[in-house]
Amino acid sequence: MAGLLIAATSWGVIWYPYRVMQVAGLPAPIATFFSYVVAVLVAGTVFRHTWREFRQFPASLFVIGLSAGMANVAYLVAIMEAEVVRVVLLFYLAPLWTVPMARILLGERITRSGAATVIVAMTGAAVMLWRPDLGMPMPRSGYEWLGMFGGFCFALCNVLVRRENRATPEAKSVAGAIGVAMVALPVALTVVVQPVSAWSAAFVSYWWLIAIVGVVLISSSVAMQYGLSTLSANRAAVILLFELIIAAIAAHYLAGETSRPQEWIGGTILAIAGLVAAFGGQAQAREQEQQVMRPNNVHPSRGDQAR
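Residues numbered from 1 in each chain as written. Predicted model: local features only at pLDDT ≥ 70, side-chain atom pairs only at ≥ 80, totals over all residues. Heavy atoms only, no water.

**So, helix α5 (residues 58-81)**
Right, so step 1: In this model α5 runs 35 Å from its N-terminal to its C-terminal C-alpha over 24 residues, within 8% of the 34 Å that 1.5 Å per residue would give.
Right, so step 2: Most of α5 is tucked away, with 17 of its 24 residues classed as buried. (Helix = DSSP H or I, 4+ residues; strand = E, 2+ residues; numbered from the N terminus. Expected span 1.5 Å × (residues − 1). Buried < 20%, exposed > 50% of the residue type's maximum accessible area, 1.4 Å probe, protein only.)

**Structural notes on the packing of helix α11 (residues 196-205) against helix α12 (residues 207-230)**
Right, so step 1: Close contact between α11 and α12 brings their axes to 4 Å; oriented N to C, the two are set at 65 degrees. Considered as vectors, α11 and α12 are oriented roughly perpendicular to each other. In this structure, α11 contributes F203, V204 and S205 to the contact, and α12 contributes W207, W208 and I210.
Right, so step 2: When the residues that make up the contact of α11 with α12 are grouped by side-chain class, the tally is five nonpolar, one polar and no charged. (Axes fitted to C-alpha atoms, helices over the stretch in contact; angles between N-to-C directions. Parallel < 35°, antiparallel > 145°, perpendicular 65-115°, else oblique. Contact = heavy atoms within 4.5 Å. Nonpolar A, V, L, I, M, F, W, Y, C, P; charged D, E, K, R; others polar.)

**So, the nonpolar core**
Right, so step 1: Grouped together as the largest cluster of nonpolar side chains are 77 residues, with contacts concentrated most on W15, Y18, L26, Y36, Y75 and I79.
Right, so step 2: Apart from the residues lying within four places of it in its own chain, the contact partners of Y36 are W11, Y18, N72, A177, V180, A181 and L217. (Core = buried A, V, L, I, M, F, W, Y, C linked by side-chain atoms within 4.5 Å.)

**Regarding a nonpolar patch on the surface**
Right, so step 1: Taken together, the side chains of W207, W208, I212 and V216 define a hydrophobic patch exposed on the protein surface, amounting to about 420 Å² of accessible area.
Right, so step 2: When you line up the elements, V216 lands in helix α12.
Right, so step 3: The exposure class assigned to V216 is partly exposed, which follows from its relative accessible area of 32%. (Patch = residues over 30% accessible without salt bridge, like charges linked within 9 Å, V, L, I, M, F, W, Y side chains within 5 Å. Areas by Shrake-Rupley, 256 points an atom, 1.4 Å probe, with all protein chains shown as cover. Salt bridge = Lys/Arg side-chain N within 4 Å of Asp/Glu carboxyl O.)

**Remarks on the packing of helix α2 (residues 15-23) against α12**
Right, so step 1: Between α2 and α12, whose axes approach to 11 Å, the crossing angle comes to 160 degrees. Overall, the two elements α2 and α12 adopt an arrangement that is roughly antiparallel. The two elements α2 and α12 cross, and the hand of that crossing is left-handed. Judged by residue contacts, P17, Y18 and M21 of α2 engage L209, I210, V213 and L217 from α12.
Right, so step 2: The residue makeup of the contact of α2 with α12, split by class, is seven nonpolar, no polar and no charged. (Left-handed = near helix turned anticlockwise from the far one by under 90°.)

**Observations concerning the state of the cysteines**
Right, so step 1: Throughout the structure, instances matching the rule amount to zero disulfides.
Right, so step 2: C157 provides the cysteine sulfur closest to C153, a residue in no disulfide bond, and the two sulfurs are 9.1 Å apart.
Right, so step 3: Since its relative accessible area comes to 2%, C153 is described here as buried.
Right, so step 4: Judged by relative accessible area, which is 7%, C157 ranks as buried. (Disulfide = S-S within 2.5 Å.)

Listed below in structure tokens is the structure:
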């Protein structure tokens, strides 16, 4: 659980350095590409033992990397151009996509308590997103649709990570970093029309920030991989909604976006759902552990022996 909260916190504020660099003249897709190059270099050096896993599980690590790349690039491009909280909210409709994906790809059966937790979480998201003057809480621009698409890819990535239980969390993190760099490069070449000379000065000025962001990204990715390996995909998706609260606070204080009372109410509902998912998962794990240990510690009755 701690790994997921660390990842959610870092992603709730990681958009801000990219926005700073974009304002300075370094487009977000280019900054994304270089920061993930740093992430690959750092992870590939620190976790160099994971490279052999790419020969063992090439297909699964490829799709994990591709889905992570589409999720991250879509999120960062959208959040540079649209309102932070709305993009993050649309991105974190991920539990809606996670439930059917986890059922199809993982065979996870969502319990009544799990379903109730997802419903409460999505209610909180709807409360935060709802604006009477805009009608239904749906995307209202291409960038917001891009944010929703990123959330779909994020949900797919998390389910695929959970499904691939042979590769280590470090290998999955390296695959994700490579995937983001591979997706960000063609996007940068396609979207960014400025010549290199137009953004090279900003790159020289902010290389240190790119390096820091790259290290933070790979560190939070490893933390999230460990978290995903210990919880069900549905429960993890709810806990990761904690990013909404962090993003709302960051958008208010860092980007000057106005926070409405309903956003804090919705955030509180999300926090409650996250706590229920986290501690409910721990209770369920303890109960399963006790069920597994009970036959070894309790002698069967005569009736049981007869059966």
